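Results of the structural survey
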Amino acid sequence: MGRWFTAADIREARERIRGHVRVTPLEESIYLNDDEHHYYFKLESQQRGKSFKIRGALNTMAQLTPADCEFGVGTISTGNHGVAVSMAAHELGIDECIVVVPLGTPRAKTDRIRYFGARTMSLGKDYDEALTLGINYIDRTGMFYVDPFEHDARVYCGQGTIGLEILEQNPDIDTIVAPIGGGGLVSGIAVAAKSIKPDVRIVGVQTAACPAMVDSLHDGICYNRYPTEGDTVCEAIVGGIGQIAFETLPGLIDDIVVVSEKSIRAAFKFMIEREQCSVEAGSAMVVAAAREFPERVGGQDVALVISGGNLDVGILSSVLEEDFEA
């Protein structure tokens, strides 16, 4: 396991961002529970900016010097990280902020990015292509690049504050399930939670359309670029993984469950119609894992990290019309 950051770093991050981010609710599920399992939703969908990303962005940007952001800040994002960087720049008084997004990024996300003051630029057909083109642009302009998950441990520390909150809100939690995209969320949570409760289970979830972390750990290679196969409702949680996550997770993560797009779509509809929770489709992958593989997820008191709530109306309309019981 790499020693990029520690639980003490995460606690310092919490003090740094305290008052700027919400302590989000940990609410018990109404319809998932059975005699053997109790599930709780950690509703980062109710966070400022509607996702967990504000934690890492703010922790990073609050530590920048005037020289770091002399020419402003920039990042590449499918939406949620861009919203977080735009919001943090506004809060910290950084005037120049640009967010590069892939072509086809939902308008709900680009509108929110611009609402907080950042400019958006569409480059690349997917996240990995946008990342290559966007970093080149940001480097040329001299902006500070706000890394979403690859090489900046400050981002991981911000995301890790979720792990501290979960076990403070319910010390009986024995399993935490988190979605895996780049790996910053699950890595930060794992370091924080296991520092408090070493035997807590950490389970990651990936879509079958882009199992980058599963293949990286299996092959022993950090795939920082990874293709997405077919259509996906998880546009915010696909692409390659970060080097820090690749080095941090072995020895901390107990399992990674891969769920199908159909299962994710069904779980998304379940969350909207049954649980009455406004979540984005990709965030429902943890619910899909609990519904489809309850024994593999394990645990008696299980926290499911609902990572975002920026709804795409097109996806919502499409999924609500589907019949998943057939």
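Residues numbered from 1 in each chain as written. Predicted model: local features only at pLDDT ≥ 70, side-chain atom pairs only at ≥ 80, totals over all residues. Heavy atoms only, no water.

1. Topic: unusual backbone geometry
Backbone geometry places K50, a non-glycine residue, at a positive phi of 65°. Classification of K50 by relative accessible area gives partly exposed; the value is 32%. For Q276, which is not glycine, the phi torsion reads 55° and is therefore positive. When you line up the elements, Q276 lands in the loop between α10 (261-273) and α11 (285-292). (Buried < 20%, exposed > 50% of the residue type's maximum accessible area, 1.4 Å probe, protein only. Helix = DSSP H or I, 4+ residues; strand = E, 2+ residues; numbered from the N terminus.)

2. Here we look at the domain arrangement of the protein chain
The domains assigned to the protein chain are domain 1 (5-50 + 150-320) and domain 2 (52-143). Computed over C-alpha atoms only, the centres of domain 1 and domain 2 are separated by 22 Å. Listed by partner, the interface residues are 36 residues for domain 1 and 24 residues for domain 2. The junction of domain 1 with domain 2 conceals about 2600 Å² of combined surface from both sides, 52% of it contributed by carbon and sulfur atoms. Summed over the shared surface of domain 1 and domain 2, the result is three salt bridges. Between R55 and E44 there is a salt bridge whose closest N-O contact spans 2.8 Å. Mapped onto the side of domain 1 that touches domain 2, the elements with two or more residues apiece are α1 (7-17) and α6 (153-169). With eight residues, the top contributor of residues to the side of domain 1 that touches domain 2 is α6. Grouping the constituent residues of the side of domain 1 that touches domain 2 by class yields eleven nonpolar, twelve polar and 13 charged. (Domains from an automatic or database assignment. Contact = heavy atoms within 4.5 Å. Buried area = accessible area lost by both parts, 1.4 Å probe. Salt bridge = Lys/Arg side-chain N within 4 Å of Asp/Glu carboxyl O. Nonpolar A, V, L, I, M, F, W, Y, C, P; charged D, E, K, R; others polar.)

3. A word on the sheet that holds strand β7 (residues 175-179)
If you trace the six strands from one edge of the open sheet to the other, you get β1-β2-β10-β7-β8-β9, paired in mixed fashion. Edge positions in the sheet fall to β1 (26-28) and β9 (255-259), since each has one partner strand and no second. Averaged over neighbouring strand pairs, the angle between their axes works out to 25° when direction is ignored. Where strand β2 (residues 38-43) and strand β10 (residues 301-306) come together, six bridges link them in parallel fashion. By the bridge assignment, L43 is partnered in β10 with I306. (Pairing = 2+ DSSP bridges. Axes fitted to C-alpha atoms, helices over the stretch in contact; angles between N-to-C directions.)

4. Structural notes on the packing of α1 against α6
Axis separation between α1 and α6 bottoms out at 8 Å; the angle between their running directions is 95°. Of the possible angle classes, the one that applies to α1 and α6 is roughly perpendicular. On α6, the residues that touch D9, I10, R11, A13, R14 and I17 of α1 are C157, G158, G160, T161, L164 and E168. (Parallel < 35°, antiparallel > 145°, perpendicular 65-115°, else oblique.)

5. Side note on helix α7 (residues 184-196)
Taking 1.5 Å per residue, 13 residues should reach 18 Å; α7 reaches 19 Å between its end C-alpha atoms and fits that length. Counted residue by residue, α7 has eleven buried out of 13 residues, so it is predominantly covered. (Expected span 1.5 Å × (residues − 1).)

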